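Tertiary structure, described
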Amino acid sequence: MSEVFAMPTGSGASAPRPPLPPFDEASARQKVRAAEDAWNSRDPERVALAYSEDSVWRNRDTFLRGRAEIVAFLRQKWARELEYALRKELWSYAGNRIAVRFQYECRDAEGRWWRSYGNELWEFDELGLMRRREAGIHDVRIGERERRIFGARGDGERDALIPLR
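Not measured: the values here are computed from a predicted model. (Residues numbered from 1 in each chain as written. Predicted model: local features only at pLDDT ≥ 70, side-chain atom pairs only at ≥ 80, totals over all residues. Heavy atoms only, no water.)

1. With respect to the overall build of the protein chain
The cut-off we apply is this: Every helix listed is a DSSP run of H or I at least four residues long, and every strand listed is a run of E at least two residues long, numbered separately from the N terminus. We compute the radius of gyration from the C-alpha atoms alone; for a globule the expected value is 2.2 Å times N to the 0.38, where N is the number of residues. Accessibility here uses a 1.4 Å probe with only protein chains present; expressed as a share of the type maximum, an area under 20% marks a residue as buried, one over 50% as exposed, and anything in between as partly exposed. All accessible-area figures derive from a Shrake-Rupley calculation using a 1.4 Å probe, and residue coverage is judged against the displayed protein chains alone.
A count of helical and extended segments in the protein chain gives 3 helices and 6 strands. Its helices and strands in sequence order give the protein chain the pattern α-α-β-β-α-β-β-β-β, from N to C terminus. A compact globule built from 165 residues should have a C-alpha radius of gyration of about 15 Å, and the protein chain, at 15 Å, falls within 12% of that. Expressed along its principal axes, the backbone C-alpha trace of the protein chain runs to roughly 45 × 30 × 25 Å. Across the 165 residues that make up the protein chain, the buried fraction comes to 45%. Counting every atom, the protein chain has about 8,800 Å² of accessible surface; 51% of that belongs to carbon and sulfur.

Right under this line is the structure:
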C-alpha cells in the first residue's frame, strides 16, 4: 500500500501523507499514482484518509465537507458504479496544487457500460492531505467491446498516457 494512503497511527490526529508540498514533477506524479491506486481499491475509508478532516469537494453537482461525507459518498458511488476501474494522469502542478485528467469505466445495475471523462483540481495542506478537490465529469455510454480499462494498472503500464477518446 502506498504510504500516501496508508492508515494513520497514534492518537487519531492526521498523520503526514508524503510527498508534501511544494511539489516537483516526481512528487506530483507520486501523488497522482497513489490516488489512482487508492481509488481502484474501491475502499472508501482508505481513500478518505488522503483528505484533511475538513476537506471540501465539488464532484459534478455534489458538494461535500469532511471525511465522513466523503466516505458516505464513495460508498454510494461504488454501490452504483460496478466494476469501477480508473486511470489518472498528471496534467499540471505548482506549489501545493495538482491538476489531473482521468477516465474511468464502470457498469450500472442494468449491465450498461460507461466511460467517464474528467478533470480534477487538488489543493493540499502542509501535511500533504488534500483539503480541496473539484471534479468536473462527463459520462459516455460505451459497448462492452469498447472497454479498455480493466482493473488497476499493471506495473508495465504505469506511465502510459490516457487516450483522448
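More follows now that the structure is in view.
2. A few points about the packing of aromatic side chains
Let me state the cut-off plainly: For Phe, Tyr and Trp, where Trp contributes only its six-membered ring, two rings pair if their centres lie within 6.5 Å, and the inter-plane angle classes them as stacked under 30 degrees, edge-to-face over 60, or tilted in between. Counting as a charge over the ring demands two things of the Lys NZ or Arg CZ atom: a distance within 6 Å of the ring centre and an angle within 35 degrees of the ring normal.
Considering all chains together, one arrives at 9 aromatic pairs under this definition. Between the aromatic rings of Trp-78 and Tyr-84, the centroid separation amounts to 5.5 Å while the plane-to-plane angle is 65 degrees, which identifies the pairing as edge-to-face. Take Trp-78: its relative accessible area is 10%, and that puts it in the buried class. A ring pair is formed by Tyr-84 and Tyr-104, whose centres lie 4.7 Å apart and whose planes are at 40 degrees; its orientation type is tilted. Here Tyr-104 lies in strand β4 (residues 97–107) and Tyr-84 lies in strand β3 (residues 82–94), a separation of 20 residues in the sequence. Like Tyr-104, Tyr-84 is buried. Aromatic rings pair up to connect Trp-39, Tyr-51, Trp-57, Phe-73, Trp-78, Tyr-84, Phe-102 and Tyr-104 into one cluster. Looking at Arg-133, its charged tip hangs above the ring of Trp-57, at a distance of 4.2 Å from the centre. Across from the ring centre of Trp-113, 3.7 Å away, lies the NZ or CZ of Arg-147, which sits over that ring.

3. Quick notes on unusual backbone geometry
A negative phi holds for most residues other than glycine; trans holds for most peptide bonds. For the bond from Pro-18 to Pro-19, the omega torsion is 0 degrees, close enough to zero to count as cis. With an omega of 0 degrees, the peptide bond running from Pro-21 to Pro-22 counts as cis. Position of Pro-22 among the secondary structure elements: in the segment before α1 (25–41). One non-glycine residue, Glu-83, lies in the positive phi region at around 55 degrees. Considering the arrangement of structural elements, one finds Glu-83 in strand β3. Looking at Glu-83, the relative accessible area reads 40%, which means it is partly exposed.

4. Quick notes on the confidence of the model for the protein chain
Note the following rule: In predicted models, pLDDT denotes the confidence assigned by the predictor to each residue on a 0 to 100 scale. Every residue pair with non-hydrogen atoms within 4.5 Å of one another is taken to be in contact.
For the protein chain, per-residue confidence averages 92 on the pLDDT scale, and residues scoring 70 or more make up 92% of the total. Low pLDDT (under 50) marks residues 1–12, which in the prediction has 26 contacts with non-local residues, meaning those over four places away or in another chain.

5. Concerning the pattern of salt bridges
Heads up, the rule is: Whenever Lys or Arg places a side-chain nitrogen within 4 Å of a carboxyl oxygen from Asp or Glu, that contact is recorded as a salt bridge.
In this structure the tally under the stated criterion is 22 salt bridges. With its nearest N and O atoms 2.8 Å apart, the salt bridge here joins Arg-112 to Asp-108. With relative accessibility at 32%, the residue Arg-112 sits in the partly exposed group. Bridged by salt links that share partners, the residues Glu-36, Asp-37, Arg-153 and Arg-158 form one connected network.

6. So, the nonpolar core
Rules: Take the buried Ala, Val, Leu, Ile, Met, Phe, Trp, Tyr and Cys residues and link them wherever side-chain atoms come within 4.5 Å; each set so joined is a nonpolar core.
One finds Trp-39, Tyr-51, Trp-57, Leu-74, Ile-98 and Trp-122 to be the most contacted residues of the largest nonpolar core, which totals 30 residues. Non-local contacts of Ile-98, meaning those with residues more than four positions away in its chain, are made with Phe-23, Ala-28, Lys-31, Val-32, Leu-90, Ser-92, Tyr-93, Glu-120, Leu-121, Trp-122 and Phe-124.

7. Digging into the sheet that holds β3
Either a parallel or an antiparallel arrangement is found when strands of a sheet pair, and the pairing is made through backbone hydrogen bonds. Rules: Pairs of strands are assigned from DSSP output, requiring at least two bridges between the strands. Orientation is described by lines fitted to C-alpha atoms, with helices fitted over the stretch in contact, and by angles between N-to-C directions that extend from 0 to 180 degrees.
In spatial order, the strands read β2-β1-β6-β5-β4-β3; together these 6 strands make up an open sheet with mixed pairing. Each edge of the open sheet carries a strand with a single partner, namely β2 (62–65) and β3. Adjacent strand axes in the sheet meet at a mean angle of 20 degrees, parallel and antiparallel pairs treated alike. The strands that α1 touches are β1 (51–59), β3, β4, β5 (113–124) and β6 (130–142); relative to β3, the one it contacts most, it runs at about 165 degrees. With respect to the sheet, helix α3 (residues 67–80) is in contact with β1, β2, β3 and β4, its orientation differing from that of β1 by roughly 45 degrees.

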